[in-house]
Amino acid sequence: LAKEFGRNRVAFYDPSIDAARSERTTLADKLREAIKADQLAVVYQPIFEAGSMRPTGVEALVRWLHPEVGLVPPDIFVPIAEESGLIDQIGAFVIGRACRDALEWPGVRLSVNVSAVQFRNPKFDVVLANMLGEIGFPTERLEIEMTETHLVANPERAQAIIANLRARGVTIALDDFGTGYSSIGYLRRFAFDKLKLDRSLVVGITSDEAARELCEATIALARALDLRVTAEGVETEGEAVLLRQAGCDYLQGYAFARPMTAEAVGSFLLSTVPTAVALPWTG
Ligand code: C2E
Ligand code: MG
Ligand code: MG
Ligand code: MG
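Now for a description of the structure that goes with this document. This one's a predicted model, so the numbers in the text were calculated from it and none came from an experiment.

Rules and cut-offs
- Residues numbered from 1 in each chain as written.
- Chains lettered and ligands numbered in written order.
- Predicted model: local features only at pLDDT ≥ 70, side-chain atom pairs only at ≥ 80, totals over all residues.
- Heavy atoms only, no water.
- Helix = DSSP H or I, 4+ residues; strand = E, 2+ residues; numbered from the N terminus.
- Expected span 1.5 Å × (residues − 1).
- Buried < 20%, exposed > 50% of the residue type's maximum accessible area, 1.4 Å probe, protein only.
- Arc of directions from axis to C-beta.
- Contact = heavy atoms within 4.5 Å.
- Donors = N, O, S within 2.8 Å, 3.2 Å for Na, K, Ca; no water.
- Near = heavy atom within 4 Å.
- Polar contact = N/O pair within 3.5 Å; in protein donor to acceptor, adjacent residues only side chain to side chain.
- Areas by Shrake-Rupley, 256 points an atom, 1.4 Å probe, with all protein chains shown as cover.
- Nonpolar A, V, L, I, M, F, W, Y, C, P; charged D, E, K, R; others polar.
- Core = buried A, V, L, I, M, F, W, Y, C linked by side-chain atoms within 4.5 Å.
- Pairing = 2+ DSSP bridges.
- Phe/Tyr/Trp six-rings, centres within 6.5 Å; stacked < 30°, edge-to-face > 60°.

**Section: helix 6 (residues 155-167)**
If you check helix 6, its first and last C-alpha atoms are 18 Å apart, about what 13 residues at 1.5 Å a residue would give, namely 18 Å. All buried positions along helix 6 are accounted for by Pro155, Ala158, Ile161, Ile162 and Leu165. One side of helix 6 carries all its buried residues, which in axial view fall inside an arc of 130°. The exposed set on the far side of helix 6, more than 90 degrees from its buried face, consists of Glu156 and Ala167. On its buried side, helix 6 packs onto helix 4 (124-135), strand 5 (142-146), helix 5 (148-153), strand 6 (171-177) and helix 7 (184-189). Downstream of helix 6 by a residue or two, Gly169 has a phi angle that is positive, lying close to 100°.

Set out below in structure tokens:
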């Protein structure tokens, strides 16, 4: 750790670091127990085709249902799972559960978030293909959502895995675009199918002209590179109108649907476009 602060600096001993570390161990232990006790669950947030406002896909999102604490969000336990080596097990659980659930939703695209740590396994694509084969889930219906962390850590491996997955028919979305470096170079170097605009690029577009222009420019950039674009974190109808006009292909957010259980997805997909989603431009 001292090394990270550079050679000309003195690293002071900080007892809170030890405290933080032992808390992490405890959480990792609890997470390990949670996996055994079957306390992980997967919920699904619908993704809408912007033109028709029909739900054409769902994104699988992992949840930890803690008996005392309640719902622990992934932002808290996924980093711990990554550090403690539990992410492979959790990742396999999510893919397995999500694909089995999604077998009930014919024609609907299934998006799964994959951690950069899972990409450390050079056979990730093969393991995934075997799982899909066992479950009988069509590879063309699966989309992998990855972040630029995957590309920074080991670009060659990431490139190879992306190519192999795409050769099998799996599509690849770059998640959280607009946070981090969001390098245009990545967009050219790696063969993505889709770009997911981070919520931070969407927030404020109806009130702040600069925010709107940045968002529109990013969508135009993605389209120029022949990528499909999903906007995430769409919370209002006004945002949806702008995003659709700017050329977004897909919309996702609380304005249309929140993450829901597999049972709820089944009935949600059966119902036609709900009235809350019947936006002014439809028809
Ligand atoms: P993400 O993949 O970018 O997912 C979008 C997050 O935004 C989700 O939070 C979703 O519930 C939330 N969201 C959706 N619509 C809205 C909206 O309109 N407004 C706001 N404020 N938020 C919205 P969630 O489920 O807590 O997941 C957080 C992150 O945890 C995900 O970000 C993803 O990076 C990670 N994650 C979730 N599930 C998995 C998983 O199975 N594996 C891995 N490796 N990471 C996961
Ligand atoms: Mg995602
Ligand atoms: Mg995201
Ligand atoms: Mg995220």
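**Side note on the coordination of the magnesium ion (ligand 3)**
Around the magnesium ion (ligand 3), the donor atoms from the protein are Asp175 (OD), Asp176 (OD), Glu232 (OE) and Glu232 (OE), and they sit 1.9 to 2.8 Å away. Within one chain, the residues donating to the magnesium ion (ligand 3) are spaced in sequence as D-D-x55-E. Metal-to-metal, the separation of the magnesium ion (ligand 3) and the magnesium ion (ligand 2) is 4.2 Å; Asp175 coordinates the two. Taken together, the residues span a long stretch of sequence, with Asp176 in strand 6 and Glu232 in the loop between strand 8 (228-231) and helix 10 (237-245) at a distance of 56 residues. Note on Glu232: relative accessible area 13%, which makes it buried.

**Let's talk about the site of ligand 1**
Taken together, 22 residues surround ligand 1, and among them Arg63, Asn113, Asp175, Glu235 and Tyr254 come closest. For ligand 1, an oxygen atom lies 3.0 Å from a polar atom in the side chain of Glu59. The fraction of the free accessible surface of ligand 1 (800 Å²) that becomes covered by protein chains is 83%. For the shell around ligand 1, the secondary-structure elements that each account for two or more residues are strand 2 (54-66), helix 2 (74-84) and strand 6. A per-element tally of the shell around ligand 1 places strand 2 first, with four residues. Here the shell around ligand 1 is composed, by residue class, of eight nonpolar, five polar and nine charged.

**Overview of the nonpolar core**
The biggest cluster of nonpolar side chains holds 76 residues, and the ones touching the most others in it are Tyr44, Leu110, Leu142, Leu151, Phe192, Leu243 and Leu251. Ranked by the residues each element gives to this core, the list is headed by helix 3 (residues 87-102), at seven residues. What Phe192 contacts, discounting residues up to four positions off in sequence, is Met146, Leu151, Ile162, Arg166, Ile172, Leu174, Tyr186, Leu187 and Leu227.

**Quick notes on the pairing of strand 5**
Counting buried residues along strand 5, five of its five residues qualify, which places the element largely inside the surrounding structure. Residues Leu142, Ile144 and Met146 line one face of strand 5 and the alternating positions Glu143 and Glu145 line the opposite face, and both faces are buried. Examined bridge by bridge, strand 4 (residues 109-113) and strand 5 share four bridges and lie parallel to one another. Bridge pairing in strand 5 places Ser111 opposite Glu143.

**Describing the packing of aromatic side chains**
Taken as a whole and judged by the stated rule, the model has seven aromatic pairs. With a centroid separation of 5.4 Å and 55° between ring planes, the pair formed by Phe48 and Phe256 is classed as tilted. Here Phe48, found in strand 1 (residues 40-49), pairs with Phe256, found in the loop between strand 9 (250-251) and helix 11 (262-270); they are 208 residues apart in sequence, far enough to count as distant. Accessibility classification places Phe48 together with Phe256 in one group, the buried group. Ring geometry for Phe190 against Phe192: centres 6.1 Å apart, planes inclined by 35°, an arrangement best described as tilted. Comparing Phe190 with Phe192, the two get one shared label, buried.

**Digging into the coordination of the magnesium ion (ligand 2)**
Coordination sphere of the magnesium ion (ligand 2), protein contribution only: Glu59 (OE), Asn113 (OD1), Glu145 (OE) and Asp175 (OD), at 2.0 to 2.3 Å. Mapped onto the sequence, the donors of the magnesium ion (ligand 2) take the spacing E-x53-N-x31-E-x29-D. Residue Glu145 is classed as buried on the basis of its relative accessible area of 2%.

The quantities given are spatial measurements derived from coordinates; they are silent on function.
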